[in-house]
Each structure stands twice: as structure tokens, then as C-alpha cells.
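So the chains spell out like this:
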Amino acid sequence: MTRRTVHRLIPVVFNDDWGSHVSIASVTGRRIPTEQPESELWMGAHEAGPAGLVDSPHATLLDLVAADPSGTLGEIADEFGGRLPFLLKVLAPGKAISIQVHPTQEQAVEQRQLSGDAVYVDDWAKPELLLALAPFEVFVGLREFEESVALIDRLALADLIGLAADARHAGDPVHALLTAILSTPPGEVADLARRVVASCVRVSATDDEFGEATAAIVGIAEDHPDDIGLAVLLLMHHRVLHPGEFIDVAAGVLHSYVRGLGIEVLANSDNVVRAGLTAKPVNVPELLRIVDTSADGVAGRPRRLSDGVEIFDSASDRFRLFRIDASADPIALPGGGPRIAFCLRGRVELVGPTGEVAVVGDAESLFLPASTAAITATGDGELYVVATPAD
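Engineer: Please set out the sheet that holds strand S10 (residues 246–249) residue by residue, giving values where relevant.
Structural biologist: Reading across from one edge, S2-S3-S5-S12-S7-S10-S14 is the order of the 7 strands in this open sheet, with antiparallel pairing throughout. Taken across any chain shown, the strands that pair with only one partner, and hence form the sheet edges, are strand S2 (12–14) and strand S14 (298–300). If you compare each strand with its neighbour and ignore which way they point, the axes differ by 20° on average. When strand S3 (residues 40–43) meets strand S5 (residues 86–91), the two strands line up antiparallel, connected through 4 bridges. Note on S5: the bridge partner recorded for Met43 is Leu88.

Engineer: Can you explain the environment of Phe139? Please cite residues and give values.
Structural biologist: By the secondary structure assignment, Phe139 is in strand S8 (residues 136–142). Overall, the relative accessible area of 0% leaves Phe139 in the buried class. Taking the C-alpha atoms as reference points, Phe139 and Leu254, separated by 115 residues in sequence, lie 8.3 Å from one another. Once residues within four sequence positions are removed from consideration, Phe139 is found in contact with Ala213, Ala216, Ile217, Ile220, Leu233, Met236, His237, His238, Leu254, His255, Ser256 and Val258.

Engineer: Describe the nonpolar core, listing the residues and the values that go with them.
Structural biologist: If you look at the biggest cluster of nonpolar residues, it comprises 51 residues, and the most contacted ones within it are Leu178, Leu182, Leu254 and Leu287. Considering every element that reaches this core, the biggest residue donor is helix H8 (residues 186–203), with 7 residues. When near neighbours in sequence (up to four residues on either side) are disregarded, Leu287 contacts Val101, Leu178, Leu182, Leu254, Val273, Arg274 and Ala275. Counting 38 residues, the second-largest nonpolar core is a separate cluster that includes Leu9, Leu73, Phe319 and Phe342.

Parameters and conventions
- Residues numbered from 1 in each chain as written.
- Predicted model: local features only at pLDDT ≥ 70, side-chain atom pairs only at ≥ 80, totals over all residues.
- Heavy atoms only, no water.
- Pairing = 2+ DSSP bridges.
- Helix = DSSP H or I, 4+ residues; strand = E, 2+ residues; numbered from the N terminus.
- Axes fitted to C-alpha atoms, helices over the stretch in contact; angles between N-to-C directions.
- Buried < 20%, exposed > 50% of the residue type's maximum accessible area, 1.4 Å probe, protein only.
- Contact = heavy atoms within 4.5 Å.
- Core = buried A, V, L, I, M, F, W, Y, C linked by side-chain atoms within 4.5 Å.

Now the structure itself:
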């Protein structure tokens, strides 16, 4: 494959304060600990952090796609407005990321018609898929109402018990209880958060799911003291994803990623609404408008497609994630259209129809335009490929 048909990427490292000093450096083989926290490693064409290109007249993947949308994206160029529809990340939170939710495309368009760029910056939904490379702790989706009530009763917090009683007869009691907690007057938030944490310390000693969830909330309080999000977490499912497990997070799913190391694929969008555990702006009314109280993120493990090829199923129309365990036997690279290939570990050779070779090693990645359809992988490595969904 020549320079015109495959492009070696230079990923972008982000240094958010919620990142890890160890995880991304361990993947990329750099010195540990890093001087600054490293939160994300981006491989894509998003305006906020487009990957650089090696040995190319274009500085970034964003520039490459913009210069020739049809040539790089193929038949999906018009469908997605000349934008690469997905973004690939290595995600490494060292402490909890904000409680947040993403809109559907219809919700984003509707709000932008009303308020311009005040809430959403583009017209896209932002579905996500998170795959654990190491144990990855998350809060995702809202519990059934009676389950939240059982935990609140265990905590013996009178005001939350009262809020739950008031919410019980609402058409959507889960939404009513979430609304009530997020409507706590600002002057009362710190006191509520402190009492929630104190009660969680007591319950965390129990050997059950509530014990694990409350212990996680106590840990999060170390980094986000006096935050209303600590009370919101009581209403959410707590999970620890083991390596190889994933969650498919559609629009409307309330979530907060706590800590771990994973691969994340998402739509190439910046549309996010936050409600807690953050110093960034929150928008409680919009979050309450778009949150789906019945959605909790579909969890699963990959599905085998063929020898050496697995797929991580997603409801998204923007991406599919595949994992290839390369071996001596050639494996046809799955997916069509534009693709990003990321070698987590080992060494993989990608061979085109006329015999050209591109080699990727530990933490190296490539962009393959839509024209590079017939490619096989050989070697001894673990390769992740992101593509658009097949028809």
C-alpha cells in the first residue's frame, strides 16, 4: 500500500486533570509515571484533536479528509457531510468523569434550531462504545425505581426517603426522583452530599452490590467533594467491566466513567450535557429533557465472526468495532468504507491486493481510505479496526 492508500497516524494525547499518570504511557511504551495526567489518546479527524499524519502533504487527518471527502470517505461522504463519522480513543480516567448524557440527532437538531450553538455544537448524536482493556469501573444507566428506593432506605437518609415517596406516584418515578435530587437548592447541596457520603461509608461494609456501589461513591467523593453528583450516583447502576467486556452507550443513557483503561469508539461529535462531578458547565434542564430513564447501556462481550475476527455489536449507525488476533494465516480486514486500524500490541502486517505492505506495532495506528477495501492482516498482534456499519 502506497502513501496514497494508507496513512500512518500520530495520535493526540489529552492532559485533562481526571486522567492517569500510568495507563496511556503503559500502552505507548513511555516512561511511567508521566509528568502530567493523560486522559485520552485520540485517533481521528475531530476538530478538537485531529491526528497528525506521517510523511504526508497534509498536516492532519482532518485536513486530508477535507481536501478529498469523496476519495477518503467514499460513498458515505455525502451522508455524513464530508466528515469521518467516528473517532477512536484510548480512554484512561484516573478519577471519575462527569455524569453526562448525549442527545439523539433529532434532539440536537431541535435544540440548535432554538438556541444555535448554546447547547450543542453540531447536529449529530454521540453514541459511544467502551471496551475494557483493564478492569474499568463505570456508573451507567438508571436503576429501577424500587431498587433505588431500597438503597436509599439502606442509607436511612430522611430527606431522600421523602423525595422518593413524593416521586412514587409520578408517571415516571425514576425521572421524578432524579429531577428532585438535581433540584436541590444550591445552598443545601454540600450538606446533602456530605450526608450521602457518610451513609455510604457505613453501607460500603456490606458484602453485596449496594456495598460495592457505595464504596465507589466514597472513593469518588475524594475527588469531587460536596457535589450533587454523589447523590445522583445512588440512582445509577455500578459496574466493573472486566477485560474484553464492553458497554454500548446510546443517546439518552446517563453515565460516568470512573477509572480504568479502555478503547472507546464514538460518533465524531462534541454534543454532551453534564449534571455533576465536573467543574465544566452543567445543564440540568436539558439533561432532564433528553435522559432516557429506561436505558442503561447494553453490556456484552464480542461476537465471533470468523477465525481471528470478533465484532463488538453496537446500535450506532456511525461505527463498528472489530478485534483481530493476527496469526500466520492471512485474515481479511473486516469493514468497508474508511477505516482506522490500531495495533494494541504485537506486530501486524497489512497487505493490499497488489502485495504492498504496511506494518503496525505496539500502539501504532493507520487510516485506510474507502478505496483500500481488499486488505489482509498477518503477524502476531492484537489489532482493532473501526469502520462504518455495513448495509
